[in-house]
Amino acid sequence: MTTATPRRRRIEISAGIIEYLDEGAGAPVVLLHGLFMDERLWDPVMRYLPTGLRYLRPVLPLGAHRIPMNPGADLSLTGLVHVLADFLDALDLQEATLVHSDWGGGLFLTAIGRDERVGAMVILPCEAFDNFPPGLPGKMAEIAARLPGGLTLAARNIRSRLLRRLPVVFGWMTRQPIPDELARHWTEPALSIPGIADDLAAYASTHFESAELVRDTEALSRFDGAALVLWSPDNRVMPPAHGHRLAELVPGARYAEIPGAAVLLSIDDPAGVGREISAFLTRS
């Protein structure tokens, strides 16, 4: 169980300043998030994770970040994968465990030849293969990114408790309701800080080629670290078959399930997620 007080820090990379929470000491564990989310996605899980490790939670430029990226920064899918790699480099992390949730771009570090700092992976339901952008919520984000003011409207929809439960918003992302306070927190930057919505639009308007996405996911067959694929067989956004396929693809991966949950397992079953990740992190 983690007990250290998180330290809020910043580090500058070529794309701009990345905020992150830094908690504990030991081998690094980097926990990622998806669109219109930040480090607080993992708050419910942290108390279930073991001590003796260093937990880092970067705030990626995916719409809930508080500091706009530099003008001209490449925030396409490939650009954002490099942002993640640059973050790992800037902190000189070694043998990090990378924990994926919702956003699947981090899976492509191997494809671009920048996974040398990753020693292990935990893959929760996330984009993979040709599922970019994922399901109804992803398709709506893509449409919103191409319309003037579309992402601002999307942020306002997330703030509405009624609209938030629609499948095209967050309704298929969780089984447990996202609290109003958290929804406001995740959307405040895009609604109040100039440049934040533009950063998200630069990513969400990426042109995705299915064949390239599948090829770059399948590059994980070259990943030589340990892996846990922790999937929900009941979610409607990240195909359950993709969880099995990823576990078969990554050499030495173990597959486990959190039944009855949707995409954001850290919200739907934090204790179950903490139990599975803890067992993986403390394996002998």
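Let me begin by describing the structure that accompanies this report. Residue positions within a chain follow its written sequence, with the count starting from 1. Totals for whole chains, interfaces and linings use every residue, but because this is a predicted model, local features are given only for residues with pLDDT of at least 70 and side-chain atom pairs only at 80 or more, for both listing and counting. Water and hydrogen atoms play no part in the side-chain values, which are based on all heavy atoms of the structure.

### Digging into the environment of Ala-27
1) Next: For Ala-27, the location among the structural elements is in strand E3 (residues 27–31).
2) Next: Separated by 157 residues in sequence, Ala-27 and Arg-184 place their C-alpha atoms 33 Å apart.
3) Next: Residues count as neighbours in contact if any of their non-hydrogen atoms are within 4.5 Å of one another. Setting aside residues no more than four positions away along its own chain, Ala-27 makes contact with Gly-52, Leu-53 and Arg-54. Strands are runs of DSSP state E lasting at least 2 residues, helices are runs of H or I lasting at least 4, and numbering of each runs from the N terminus.

### A closer look at the nonpolar core
1) Next: The criterion is simple. A nonpolar core is a set of buried Ala, Val, Leu, Ile, Met, Phe, Trp, Tyr and Cys residues joined through side-chain atoms within 4.5 Å. Note on exposure labels: buried denotes an accessible area under 20% of the residue type's maximum, exposed denotes more than 50%, and partly exposed covers the range between, all computed with a 1.4 Å probe on protein chains only. The biggest cluster of nonpolar side chains holds 97 residues, and the ones touching the most others in it are Trp-42 and Trp-103.
2) Next: Broken down by element, the residue count for this core peaks at eight residues, all from helix H2 (residues 77–90).
3) Next: Setting aside chain neighbours within four positions, we find Trp-42 in contact with Leu-31, Leu-32, Arg-57, Val-99, Ser-101, Leu-124, Ser-266, Val-273 and Ile-277.

### Observations concerning the environment of Gly-135
1) Next: Of note, Gly-135 is situated in helix H3 (residues 135–145).
2) Next: With 101 residues separating them along the chain, Gly-135 and Arg-236 place their C-alpha atoms 7.6 Å apart.

### Some remarks on the pairing of strand E8 (residues 253–257)
1) Next: Judged from the five bridges that link them, strand E7 (residues 226–231) and E8 form a sheet pairing that is parallel. Considered in E8, the bridge of Trp-231 is made with Glu-257.
2) Next: Classification remark: right-handed applies to a crossover when, strands pointing away from the viewer, the course from the first strand over the helix to the second runs clockwise. The parallel pair E7 and E8 is bridged by helix H9 (residues 240–249), and the resulting crossover is right-handed. Two strands pair under a simple rule: DSSP has to find at least two bridges between them.

### Digging into the pattern of salt bridges
1) Next: One side-chain nitrogen of Lys or Arg within 4 Å of one carboxyl oxygen of Asp or Glu is enough to make a salt bridge. Counted according to the given criterion, the structure contains 23 salt bridges.
2) Next: Asp-22 is the salt-bridge partner of Arg-7, the closest N and O atoms lying 3.2 Å from each other. With Arg-7 in strand E1 (residues 7–13) and Asp-22 in strand E2 (residues 16–24), the pair connects residues that are 15 residues apart, well separated along the chain.
3) Next: Arg-7 sits in the partly exposed class, given a relative accessible area of 31%.

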